[in-house]
Structure formats: structure tokens, C-alpha cells
Amino acid sequence: MKSQSKLSRREALMNLAKLSAGFSLLSLFGATALAQNPADYPVDCTPPKPSGPATPFVPGKIAALPRKSAFALSTQEIASLTLGFQKLRDLTVSQPNNPLGWLLQSYVHCWYCGGGTDGKAGEEIHSSWWFLPWHRCYLYFLERTLSKLANDPNLRLPYWDWSTQSNLTQTLPGIYNNNTSSLYDALRGVTTGDIIPSEFVGPQAMSIVLNASNFSLFGGVDTTINGGQAGQLERIPHNNVHNWTGTDGDTPPTYGSDMGVLATAARDPVFFCHHANVDRMWPSWQAVSTTHTNPTDSSWLNHSWTFYDENGVWTSIKVSDVIDSKNLGYFYDNLATVPASKNKIMTANTTGNASTTTAAAALTPLIAAPKEARTLKNDPATHEVALPQVHKTSLQALSSGTGQQYLLTIDGVLIAPYSSVSAKVYVNYPKANAATTTEIPNFVGFISSVAKVRKGSSHTGHNHGPQRQVFEIGADLAAILVKENAVKVTIVPINNRSKKPKTMEFSYGEISLQPLK
Ligand code: C2O
């Protein structure tokens with residue numbers, strides 16, 4: 001390290017500039033500085049107690065206005081959003097117990113992702129069919145609060161448009177990258193200009209998400225079926241963009257915070273921008289096909305959660321209140337579409353219903369790996385099973401778009417609560433490694449997670465227990481399999497930059513391939 005006396009004048013000036021920027025940040029965003037101290041890590045993110053009985057949410061009270069891309073806001077819209085977040089941060093300083101303030105708002109997310117102290121966490125709303133509706137509610141109440149604080153009834157959250165195939169939008173939106181803005185967060189690993197790896201948001205990834213054949217595969221599974229499971233939307237762009245945005249997951253003391261740890265993710269204002277685009281994928285998926293429909297189960301529609309509204313009123317809101325976003329005062333100015341090069345990737349004649357991805361097969365499932373748990377570290381692993389003629393016949397039909405849909409199931413996926421995991425899954429591409437493209441039909445999705453709690457924190461967080469992760473076999477992959485004598489499933493661990501990881505570890509059990517009845 002250079003001694004002070006050897007610093008050039010330019011370096012000294014730069015250091016001075018950094019220092020004074022730090023001081024003005026401290027006064028402007030006292031709460032940010034406070035919360036960026038690792039000692040402040042939430043070991044108890046219990047949100048404030050209800051102020052009384054919950055008041056039911058009344059849909060459609062405000063005008064539905066468009067949510068726009070964060071790359072396309074007007075100067076006035078940027079100013080309004082920035083003012084809203086500034087006032088949100090100010091509340092945390094002036095009234096630390098006000099549940100509407102920035103830090104306590106982030107605790108609500110922490111509470112619902114198992115980040116609370118043992119015995120003090122709320123219902124888990126990730127990795128199941130609660131994922132989309134819960135986050136839609138959370139964003140809505142935050143949006144109303146920002147609108148009120150900024151005194152701008154037209155304020156709507158912008159979306160981070162990583163789904164459009166362009167380097168201009170597959171990067172951190174510039175308005176979040178200005179370190180004198182309330183939209184900035186110092187605990188990030190990326191900056192505007194860094195490009196999100198195509199593994200996470202490229203044409204094949206977006207095609208798998210938007211072409212998912214039913215709601216379970218797209219948005220997650222009923223929690224009463226094996227504890228639920230994450231859909232492709234959550235596992236591919238959602239989890240990976242979280243981890244990409246956060247600091248390095250292997251480096252203390254931040255270990256992925258803010259965005260790469262669910263307990264701290266909502267401290268970063270870009271969380272809400274990322275989630276607006278995740279939410280935008282919901283109507284986008286519905287628009288792709290008339291068969292893309294929401295669950296109709298009353299256990300889903302009638303499920304409710306409670307939040308503080310913008311006036312501090314404890315409010316209950318049901319899933320059925322939010323399936324039409326216009327009831328919440330917004331819609332998207334445009335929807336994402338399946339990348340043009342991928343139009344026909346999933347043409348299975350699916351009869352899969354909306355509430356289950358459990359395969360009920362006439363054909364014996366092909367077991368590529370037996371039930372026994374095995375651990376995957378930094379290197380890929382391949383499992384294979386012979387492919388009998390009877391399955392080839394069935395896959396032949398699938399390849400022509402008329403057959404039964406096939407699912408690949410990886411069961412018993414067990415991930416430590418402090419680990420962010422990402423592993424690409426390929427079918428019949430056994431040479432795949434971290435550098436292998438995902439723009440091939442053989443790539444079917446990710447095993448992935450965002451850490452629930454920060455590594456090294458004083459509590460262990462809640463674990464999900466083993467979960468099932470399911471992948472669809474598209475028509476063009478079926479056409480490849482027809483010519484093979486074995487099914488080979490290769491799992492390739494990667495880090496949040498899509499490179500070979502240093503400290504990956506998770507376990508999984510049975511791997512099977514079978515048609516969905
Ligand atoms: Cu509740 Cu993006 O996580």
C-alpha cells in the first residue's frame with residue numbers, strides 16, 4: 001500500500017473527493033450508512049405489530065396508470081421517484097419505528113423470506129405459487145407510499161427491462177447508479193454498463209419462462225404439494241438477477257448483500273424495479289397463449305396477507321384482489337414477448353393443469369439418478385439412463401408438436417439458507433461446463449436460489465427442506481432425444497457472473513424424466 005506522502009496530487013484530490021462524497025452521503029442518507037454497517041444485519045426483522053384489526057383492501061380506488069421502463073422515464077418522473085425514496089429514507093431517520101420507513105419496509109420482505117430470528121419469521125412466500133401474488137401486493141403498497149410521500153398521484157414504479165434483448169436494457173438502469181441519488185445503494189457488485197449474462201435473461205432463458213406450459217411451471221406450485229416449488233420465472237431471471245446485482249457471494253463481510261441476500265434485498269431501491277419486471281412477466285406470460293391461465297383453486301384465490309397501507313392502516317389483501325393489476329392502479333406500458341428466434345421452442349400439446357406438475361405417467365419414468373442425496377460442488381456432474389424405444393416413440397410425437405409433454409424432475413434439492421446457488425441444467429450435452437452457451441435447446445433451466453440470510457450472521461435462518469425443481473422438455477429437444485440411446489442430465493454450477501464458482505455446494509436426490517399425463 002502507498003504511504004500518504006507518496007500519493008500523487010491527483011490521487012490525493014480523488015481521495016478527498018471520495019471522502020467528501022462519503023460525508024454528504026452520510027448526512028443525506030444517514031439511514032443508508034447505518035444499514036450498510038454489517039453489525040446492523042437484521043437478526044430480528046419482525047415487522048411492526050398490527051395497529052388493530054385489518055381493514056380489507058378495496059380494489060380499483062385509484063386510476064390505473066402505466067408502469068414504464070426505468071430506461072424511459074421523463075426527467076419529472078425520475079425526480080418524483082427519487083423524492084419518494086428520499087422521503088422513505090428520511091422517515092427511517094426521523095421516525096425509526098414508522099412502519100412506512102425504508103428500513104422497516106425492507107424488514108417486511110426479510111420477515112416473509114425466513115430471514116427472521118428462529119420462530120419469528122412469517123409465512124415463506126418464495127419458491128411456491130405465493131411468489132407472484134405476494135410480491136405484487138408488496139410492490140403495490142410501497143408504490144402507494146412513494147406516491148403519497150412524493151405528493152405525486154401519478155407516481156408508478158418503473159420496471160427493469162432485462163427481458164428485452166438489448167445491451168441498453170440488460171444492465172443496471174442508470175437512474176439507480178448515481179451515488180448522490182436516493183435510488184443508489186452502495187452494496188452492489190455491478191454498475192451501469194455491466195451486462196447481465198445471457199444465461200440469466202437471454203433468448204433461451206426468456207423463452208423457457210414465457211413459454212412455460214402452465215402456471216405451476218411458470219410461477220410456482222401449491223405449497224400443499226411437497227411444500228411447493230419455484231417456477232421458471234423465479235429460478236431463471238429472478239434469482240439470477242438478484243445474485244448478479246449483489247456483492248460477491250464469497251466475500252466477507254457482505255456476502256452477496258444487498259440484492260443477493262433476501263433478508264437485505266429490499267434495502268436496495270432497485271429491488272422494486274427488478275420485481276416490477278418480474279411482475280410484468282405475469283401478464284406477459286398470460287398474453288403468450290390462451291392456455292396460459294392462473295390457478296382457479298380457492299385456496300390460492302382466497303389466501304390473504306396484511307400490509308400497512310400508505311396511511312399506516314393495517315390492510316388485508318387477497319390473491320383474488322390482485323390478479324388484475326388495474327385494481328391496484330397500474331398496468332404495463334408494454335409486455336414482454338417471446339424472443340423472435342425462439343417462437344417454436346415449446347409446442348407440446350399440453351394438458352397440464354394449473355395446480356400441479358406432478359407427473360401421472362402411463363410410461364415408466366426414466367430414473368437418471370436414484371433417490372440417495374448427493375452433493376454438488378464446483379464441478380459439473382452428469383447422470384444418465386438408457387432411453388427405451390417406447391419413450392422414443394412418445395418423444396417423437398412431442399417433437400412434432402402432438403405428443404405428451406415431458407418433464408425432467410430433480411428432486412430433493414437442498415440448499416443451505418445462507419447460500420445463493422446457481423446451476424445450469426442441460427439434457428444430452430454432457431460436455432457442458434460453465435462456459436457453455438445456454439442458447440441451445442439442450443439447456444432447460446436452472447437449479448437456483450437466493451441466500452435467505454447473510455453468511456456469517458449470528459443466526460442460521462430457516463431452511464426450506466428439500467424441494468423439487470421441474471423442467472420442461474421442448475419439442476426441439478425431443479427431436480434431439482429421439483436420436484439418442486440414453487438421457488444424460490448434466491448439472492453445471494456457476495457463480496453470479498456465470499463463471500465457474502469457488503464455493504458452490506448443494507445436494508439433490510432423484511432425477512427422473514417422464515411424460516405429464
Ligand atoms: Cu422476495 Cu426477489 O425476492
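Before we move on, can you summarise the overall build of the chain with the specific residues and values?
Along its length, the chain carries 15 helices and 15 strands. By the burial criterion, 56% of the 517 residues in the chain qualify as buried. For the chain, long-range pairs separated by at least 24 residues make up 79% of all intrachain contacts whose partners lie at least 6 apart in sequence.

Could you give me a rundown of helix H4 (residues 102-111), with the residues and numbers involved?
H4 sits mainly inside the fold: 10 of its 10 residues count as buried. All of the buried residues along H4 are Trp102, Leu103, Leu104, Gln105, Ser106, Tyr107, Val108, His109, Cys110 and Trp111.

Outline the confidence of the model for the chain, supporting the account with residue identities and numerical values.
Averaged over all residues, the pLDDT of the chain is 87; the fraction at 70 or higher stands at 85%. The model gives residues 1-39 a pLDDT under 50, and that stretch makes 32 contacts with residues more than four places away or in other chains.

Describe in detail helix H5 (residues 131-149), supporting the description with residues and values.
Taking 1.5 Å of rise per residue, the 19 residues of H5 would be expected to cover 27 Å, and the 27 Å separating its terminal C-alpha atoms lies within 8% of that figure. Of all 19 residues in H5, 17 are buried; the element is thus mostly enclosed. After H5 finishes, the residue asparagine 151 shows a positive phi value of roughly 50°.

Break down the pattern of salt bridges for me, with residues and values.
On inspection of all chains with the given rule, the structure shows 11 salt bridges. Note that glutamate 510 and lysine 371 form a salt bridge whose closest N and O atoms lie 3.8 Å from each other. Taken together, the positions of glutamate 510 in the loop between strand S14 (506-508) and strand S15 (511-516) and lysine 371 in the loop between strand S6 (366-369) and strand S7 (374-376) put the pair 139 residues apart, joining distant regions of the chain. According to the relative accessible area criterion, lysine 371 is exposed, its value standing at 63%. Put simply, Arg67, Arg136, Glu143 and Asp279 are held in one network by salt bridges that share partners.

Tell me what's going on with the packing of H5 against helix H11 (residues 270-288), and back it up with residues and numbers.
The N-to-C vectors of H5 and H11 enclose an angle of 130°; their axes lie 10 Å apart at closest approach. With respect to H11, the axis of H5 lies oblique. The handedness of the crossing between H5 and H11 comes out as left-handed. Of H11, the residues touching H5 (which contributes Phe131, Leu132, Pro133, His135, Arg136, Tyr138, Leu139 and Leu142) are Phe271, Phe272, His275, Ala276, Val278, Asp279, Trp282 and Pro283.

Residue-level account of the state of the cysteines, with values.
According to the stated counting rule, one finds 1 disulfide in the structure shown. Linked covalently through their sulfurs, cysteine 45 and cysteine 110 form a disulfide whose S-S length is 2.1 Å. A torsion of -75° about the S-S bond marks the disulfide between cysteine 45 and cysteine 110 as left-handed. Of this pair, cysteine 45 sits in the loop between helix H2 (30-35) and strand S1 (55-56) while cysteine 110 sits in helix H4, placing them 65 residues apart in sequence. Considering cysteine sulfurs only, cysteine 110 is the nearest to cysteine 113, which forms no disulfide, with 5.3 Å between them. Since its relative accessible area comes to 0%, cysteine 113 is described here as buried.

Give me the lowdown on the packing of aromatic side chains, citing residues and values where you can.
If you walk through the whole model with that rule in mind, you get 28 aromatic pairs. Here the aromatic rings of tryptophan 130 and tryptophan 305 are separated by 5.7 Å at their centres, their planes lie at 90°, and the arrangement is edge-to-face. In this pair, tryptophan 130 sits in the loop between H4 and H5 while tryptophan 305 sits in strand S3 (residues 304-308), placing the two residues 175 residues apart along the sequence. Residue classification places tryptophan 305 among the buried positions, given a relative accessible area of 3%. Ring geometry for phenylalanine 218 and tryptophan 285: centres 4.6 Å apart, planes at 5°, overall stacked. Of this pair, phenylalanine 218 sits in helix H8 (residues 215-219) while tryptophan 285 sits in helix H11, placing them 67 residues apart in sequence. Of the two residues, phenylalanine 218 and tryptophan 285, neither departs from the other in class, the shared state being buried. Among the aromatic residues, those joined into a ring-pair cluster are Phe57, Phe85, Tyr112, Trp134, Tyr138, Tyr140, Phe141, Phe271, Phe272 and Phe307. Cation over ring: arginine 67 sits above tyrosine 330, and NZ or CZ is 3.4 Å from the ring centre.

Conventions we followed
- Residues numbered from 1 in each chain as written.
- Predicted model: local features only at pLDDT ≥ 70, side-chain atom pairs only at ≥ 80, totals over all residues.
- Heavy atoms only, no water.
- Helix = DSSP H or I, 4+ residues; strand = E, 2+ residues; numbered from the N terminus.
- Buried < 20%, exposed > 50% of the residue type's maximum accessible area, 1.4 Å probe, protein only.
- Contact = heavy atoms within 4.5 Å.
- pLDDT = per-residue confidence, 0-100.
- Expected span 1.5 Å × (residues − 1).
- Salt bridge = Lys/Arg side-chain N within 4 Å of Asp/Glu carboxyl O.
- Axes fitted to C-alpha atoms, helices over the stretch in contact; angles between N-to-C directions.
- Parallel < 35°, antiparallel > 145°, perpendicular 65-115°, else oblique.
- Left-handed = near helix turned anticlockwise from the far one by under 90°.
- Disulfide = S-S within 2.5 Å.
- Phe/Tyr/Trp six-rings, centres within 6.5 Å; stacked < 30°, edge-to-face > 60°.
- Lys NZ or Arg CZ within 6 Å of the ring centre and 35° of its normal.

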